[in-house]
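Understanding the architecture of this molecule
Listed here are the chains, written in short residue letters.
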Amino acid sequence: MRTFCLTVLVLLASRLAAQKSEAAQKSDELNFVSGIDQFDDIRHQLPECLKRSANDLLHLREQKIANLATLEDVARRKEHLREVLTRNLGGFPERTPLNPKVTGVIDRGAYKIEKIIFESQPKFYVTANLYVPKTGRPPYPAILYPLGHELGAKSHNTWQQMLGSLATKGYVALTWDPIGQGERIQIYDEDFEDSKVRASTTEHTVEGIQCLLAGDHVARYTIWDGIRALDYLLSRSEVDAKRVACTGNSGGGTHTTYLSALDDRIQVAAPSCFISSWHQMLRTIGPQDAEQVFPNWLKDGLDYPDFIYAFAPKPYRILSAIRDFFPIAGARETFDEAKRVYERIGAADKLTMFEADDGHGYTYARRMAGYAWFGRWLAGEEDHRPEPKIEIASAQELACTPTGQVVNLPDAETVFSLNRKRVEQIRRPQLSPDQLRSQVRELSGFAPGHGSVLYQSFGTLQRDGYRIEKLVYESEPGIEIPALLFSQGDGASKKPALVYVNGRGKGAGVVEDIEPFVKSGFVVLALEPRGTGETRPGTDNNATDFDRYFGDYENAMIALLIGKPMPGMRAGDIVRGIDLLEARPDVDSANIYGFGKDAGAVPMLYAAMLDARLRRLALEGMLISYDWVVKHKIHRQIFEQVVPSALKYFDLPDLVGALTPRPVWMVNAADALGHTAPLADLRAEYAGAARAFTNARAGDHLHLSTRGPEEGLFSVYRDLVHVAAGSGAGSGR
């Protein structure tokens, strides 16, 4: 008996292995591009195309600033940067009472450390440490000290060393926990005793994507924290308001750069390990976390030197590391450009660059260069005295809150709660269908190619009752789209056609989705919009939590920099697929439909919104709404579907509603984590869309449903298939 069972198991295993081998072989046949030499670099085409566009914009900027020569020229550049940056941020909050409280004091002999909580916005608590000299004669010069992403936030050893040294040298210095760090974790998990998403840069970017949808930016919160920290610093009687510098490293260098460009009260700046150039950033590490990247930045003609021009002609020292991951070549490019401008406006001695042959961090060499710079411009002479030995306190000793987290304070706000309130206050304009299409086109950067579609054929596969032609077509110069054309191949009459986009690639969904359409008389074009399927780039530069949460973060963010969000570009690829189908003699151009699945659904919706040739639409596994992303703290894999500022004008349900009276099927809508949302939630989110269909006397044209993993296509799309195939009645007719 035992031998018999073993024999059966071996036979079953062999059969399963054979089935898997056959399935793998069929999958390889459909993923044909990787086996063709001319497409060896097809995974690089999206990043190369984006970087070409980015560098073209940078070249245009170079031409505009080449003749920057006078203080008036620089003032105009400053005005341009501030206008663009403030618009990107979504404006600033109202200046409300800080309500500062000193919750404790640590005596260090030569100086003291005050533990402070203030409110940068009502109930948005900021935990800070103020280092105050106990020797010398006040009022003292002051240092505003924003922090980077290093562990420990304000308790990090290097920060304590520098802040204690500054206080010993006669400066009042203020630092504070950034959001997502120290005592200010915004997505706090009681079990982890840390952020739910662990890394502070991941938390910033989760929140940052929510802010982008609202037309804001996560730096709206972080910069405003810094401006209000400066308000508090200058409220202290120990501080000389005419002698104020700002410095910080990494994320602190980022905010030194921002704050110095935006706040005229800062007289001296020294950002460490941040300044680079977009030309070099694109060649190396690419865009960093959400607080460091602004949509349309390159489209608006801006680069790193513009931050310096917004501060000119005041003293500015760039502190850099030769072996930093922020490319030293970028810092040198920016310094060389800005130095020429400083020379032309008669301030050559006020811009310098210090390089240390070390890595990322506010290392000893850069700290000494910082002390010298502050001494020169705030104390009358360069300070080359060595650092004193500083006693390092624990995070608990420096903590300002009773529990170590601001979220436990009464009625505490978070970035999430404030952002949600911002969205709730949006009053979207009443737009006509044409106005809505125009707004969608503008925000998504939709600009499809024109003219005949160039394509190449790479063979035909025969299947049971139909054939598959392997194609690659050009969507625009430099972007080639792999596709599979399914047809019965009899050519006897014009047939309805389906454009099929599955987020898992053109070879996915053949059995469950494509075959039933083909065998019902359809021509089906399954395509892979740029950056999906076989054209998917690697993500080595962000091989961290960013892959898990944000997908192809680098290319999606570069797309935002140049004003070309992924949904708009991919919708353009789909539209070119429609062009290809429309030109075929076996396709009825009056009956072309769209089917977007999972990550392919949002681009398909944008394509349908912007191209009326898609007469019917199926959206399966689509993100339920942008608003859902803002309603819930955590999201995954939606960044490539984001259009900045969308929620100021529309949400995905509004786009569906605008398609009326075209029939639309929405099946298995996904929440922000990618799970299928309950049907009740889908109906609630699309109540407005349902009203739009009803008002257009097409109430039965909007289908909201779910589809189980074992349910076939006809369980939910029977009417779509039958009506489109000309077989008679149904609720989609």
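The coordinates are above.
Every value quoted in this text rests on a predicted model; they were computed, and no experiment measured them. Here the residue index of a chain counts from 1 through its sequence in written order. Reporting of local features is limited, given that this is a predicted model, to residues whose pLDDT is at least 70; pairs of side-chain atoms are given and counted only at 80 or more, and all residues count toward the totals for whole chains, interfaces and linings. Water and hydrogen atoms were dropped before computing side-chain values, which therefore reflect all heavy atoms in the structure.

**Section: the pairing of strand S18 (residues 614–620)**
Rule in force here: In this scheme, a residue with accessible area under 20% of its type's maximum is buried, one over 50% is exposed, and one in between is partly exposed, where area comes from a 1.4 Å probe on protein chains only. In this text, helices come from DSSP runs of H or I with a minimum length of four residues, and strands from runs of E with a minimum of two, each type numbered from the N-terminal end. Strand pairing is assigned whenever DSSP identifies at least 2 bridges connecting the two strands. Here the term right-handed applies to a crossover when the path leading from its first strand over the helix to its second strand runs clockwise, the strands being oriented away from the viewer.
Most of S18 is tucked away: six of the seven residues are buried. Where strand S17 (residues 587–597) lies against S18, six bridges are found, and the strand directions are parallel. Each bridged residue has a counterpart across the sheet, and for lysine 597 the counterpart in S18 is glutamate 620. Handedness of the crossover is the feature at issue here: the chain leaves S17, passes through helix H19 (residues 601–610), returns alongside S18, and the resulting connection is right-handed. Summarising the sheet, S18 and strand S19 (residues 664–667) pair through four bridges and their orientation is parallel. From the neighbouring strand, leucine 619 faces S19, where its bridge partner is methionine 666.

**Here's the deal with helix H7 (residues 251–262)**
The periodicity of an α-helix, 3.6 residues per turn, causes residues three or four places apart in sequence to face the same way. Just so we agree on the cut-off: Multiplying one less than the number of residues by 1.5 Å gives the expected span of a helix.
Between the first and last C-alpha of H7 there are 16 Å, a value that for 12 residues agrees with the 16 Å anticipated at 1.5 Å per step. Burial of H7 is extensive: 12 of the 12 residues sit out of reach of the surface. By the burial criterion, the buried members of H7 are Gly251, Gly252, Gly253, Thr254, His255, Thr256, Thr257, Tyr258, Leu259, Ser260, Ala261 and Leu262.

**Concerning the side chain of serine 705**
Where we set the bar: Throughout, a contact is declared for two residues whenever any of their heavy atoms are within 4.5 Å.
Within the fold, serine 705 resides in strand S20 (residues 702–705). Using a relative accessible area of 19% as the deciding quantity, one classes serine 705 as buried. Every residue in contact with serine 705, bar those within four places of it in the chain, is listed here: Met666, Val667, Asn668, Leu679, Leu682 and Val716.

**Observations concerning the side chain of lysine 169**
Applied cut-off: Whenever a nitrogen or oxygen atom comes within 3.5 Å of another N or O atom, the pair is scored as a polar contact, on the condition that within protein one atom can donate a hydrogen and the other can accept it, and that pairs from neighbouring residues in sequence are kept only if both atoms are in side chains.
As for its position among the elements, lysine 169 is in the loop between helix H4 (157–168) and strand S5 (172–176). Looking at lysine 169, the relative accessible area reads 13%, which means it is buried. A polar contact is formed between the side chain of lysine 169 and the backbone oxygen of arginine 385, at a distance of 3.1 Å. The residues touching lysine 169, leaving out its near neighbours within four places in the chain, are Tyr371, Asp383, Arg385 and Pro386.

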